Amino acid sequence: MQTILRTLKVRVKDKHAAELTRQAQTVNLVWNYLNELSHRAIKERGLFLSGYDLNKYTAGSSKSLGLHSSTIATIGHEYDVCRKRARKLRLAWRKSQGGRKSLGWIPFKVGAVCWKNGQVRFNGCYYSVWDSYGLAQYEFRSGSFSEDSRGRWYFNVVVKTPIAPSQGTKAIGIDLGCKDAVTASDGTKVTGHRYRELEQKLGIAQRAGHKKRVKAIHAKIANRRKDDLHKYSRQLVKENAAIFVGNVSSSTLVKTKIAKSVLDAGWGTFKTMLEYKCAGAGVVFEVVNEAYTTQTCSCCGGIPESSPKGRTGIGIREWTCVECGTLHDRDVNAAKNILALGHERLAGGISGL
């Protein structure tokens, strides 16, 4: 049976917050020690310490620090990876107090955590969780405990799950936009705008200085957005055998005047959801070049003068092709063209299939 690696996330009950916070503060201490140690080695000796080298300086400290040995080893390797990715001589300090306090993080390796007596056992302690996945059936691999902005803790663990093939036989194209966050070639849409719905309440709370209320509203916005995208992405994977998405870049558009709408749409989150859900269901997932998909008529294939073009055409939601007379919904037409491009990719062959 084919399997796939998947990360499960469940909430830890609040009664364990104090112990997890204590361990997270110690993790910050180790991180900052390695940060200073690495920087001094580079500055004084011109030596870049690897994760393996860093672990030599923390070996045997788990008992005195009250951390699991795998946690300390993971911190060293993670620091090495982050420093190389950032291409910096020294990274930011992890802060345990103050207004810019770092969110809690306690990593662990394979074998450090197990499920026992209906609880998660880690570092000699038992942690009760809201088990929505039936964790007893899984073999735990690496993972972490993480804290959100409201001080709630979560248990994240990588597990192996069998690939359950999708029963869908159709193919669908997806256009990502701002007015409607997601538009499919079959006409279905996800409107989004979760931030816009609560923007007024958020502004009132911010002006009043109610920090806890601000964090709660931000969490509600994020949870509503993720709920919409999770439900719709699961529906797409269930009903289709191939899904094609346009290559619109949210990281580029957040630097423009439409940044708020781009971030509210959650394009990156949606594509990530589709990618791992398709991998778990054996569904083809491809990102295609969406250039000119809005301007091209999905019926005759031409680019007529009547099609919306450039910034002046952003407000045009419907248009009629002067060549074939077809009335188009702007986003549905783009999604149909993306689907056509995806079929061309399949006909030409996709590497890895």
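See above for the structure.
For clarity, every value in this text was computed on a predicted model and none was experimentally measured.

(A) Representation of the environment of Val262. Take Val262: it is sitting in helix α8 (residues 259–265). Sequence-wise, Val262 and Ala291 are 29 residues apart; in three dimensions their C-alpha atoms are separated by 18 Å. The residues contacting Val262, other than those within four sequence positions of it, are Cys178, Ser250, Leu253, Val254 and Trp267.

(B) Fine view of the pairing of strand β6 (residues 143–147). The element β6 is extensively covered by neighbouring structure, given that four of its five residues are classed as buried. As paired strands, strand β2 (residues 105–108) and β6 are joined by four bridges and run antiparallel to one another. Note on β6: the bridge partner recorded for Trp105 is Ser146. Here β6 runs beside strand β7 (residues 153–162); their pairing, made up of five bridges, is antiparallel. Directly across from Gly143, in β7, lies its bridge partner Val157. Linking two consecutive strands that pair antiparallel, namely β6 and β7, is a turn of five residues; a positive phi of about 85° is found at Gly151 within it.

(C) Main features of the packing of aromatic side chains. The final tally for this structure, using the stated rule, is ten aromatic pairs. Ring geometry for Phe108 against Phe122: centres 5.7 Å apart, planes inclined by 50°, an arrangement best described as tilted. Of this pair, Phe108 sits in strand β2 while Phe122 sits in strand β4 (residues 119–122), and the two are 14 residues apart along the sequence. Look at Phe122 and you get buried, because its relative accessible area is 0%.

(D) Looking closely at the pattern of salt bridges. Overall, the coordinates contain 17 salt bridges when judged by the stated rule. Residues Lys231 and Asp227 are paired through a salt bridge, measuring 3.2 Å at the closest nitrogen-oxygen approach. Of this pair, Lys231 and Asp227 both sit in helix α6 (residues 211–239), separated by four residues, roughly a single helical turn. One network of salt bridges, in which partners are shared, links Arg194, Glu197, Arg224 and Asp228.

(E) Here's a closer look at helix α1 (residues 17–45). In this model, α1 (29 residues) spans 41 Å end to end at C-alpha, consistent with the 42 Å of a helix rising 1.5 Å per residue. At the C-terminal side of α1, Gly46 shows a positive phi close to 65°.

(F) Highlighting the nonpolar core. Membership of the largest hydrophobic core comes to 37 residues, with the highest contact counts inside it found for Phe145 and Phe155. Counting residues per element, the ones that place at least two in this core are β1 (3–11), α1, α4 (69–86), β2, β4 and β7. With nine residues, α1 is the largest single contributor of residues to this core. By size, the runner-up hydrophobic cluster in this structure holds 24 residues, among which are Ala184, Val237, Met273 and Phe285.

(G) Summary view of the pairing of β7. Burial runs high along β7: eight of the ten residues are buried. Pairing of β1 with β7, which is carried by nine bridges, proceeds in the antiparallel orientation. The partner of Arg11 across the bridge, within β7, is Tyr154.

Basis of the calculations
Residues take numbers from 1 onward in each chain, read along the sequence in its written order. In view of the model being predicted, local features appear only for residues whose pLDDT reaches at least 70, and side-chain atom pairs are presented and counted only at 80 or more, with totals across whole chains, interfaces and linings using the full set of residues. Processing note: side-chain calculations cover all non-hydrogen atoms of the structure and skip hydrogens and water entirely. Elements are defined by DSSP. Helices are runs of H or I of four residues or more, strands are runs of E of two residues or more, and each kind is numbered from the N terminus. A contact between two residues is defined here by any heavy atoms of the two lying within 4.5 Å. Partly exposed residues are those whose accessible area sits between 20% and 50% of the maximum for their type, while under 20% is buried and over 50% is exposed, using a 1.4 Å probe and protein chains only. Note: two strands are recorded as paired if DSSP finds a minimum of 2 bridges between them. Two rings belonging to Phe, Tyr or Trp (six-membered ring only in the last case) form a pair when the distance between their centres is within 6.5 Å. Interplanar angles under 30 degrees mark stacking, angles over 60 mark edge-to-face geometry, and anything in between is tilted. Basic side-chain nitrogens of Lys or Arg form a salt bridge, by our definition, when they fall within 4 Å of a carboxyl oxygen of Asp or Glu. Expected helix span is given by 1.5 Å per residue-to-residue step, counting one fewer step than there are residues. Only buried Ala, Val, Leu, Ile, Met, Phe, Trp, Tyr and Cys residues count toward a nonpolar core, and they belong to the same one when joined by side-chain atoms within 4.5 Å.

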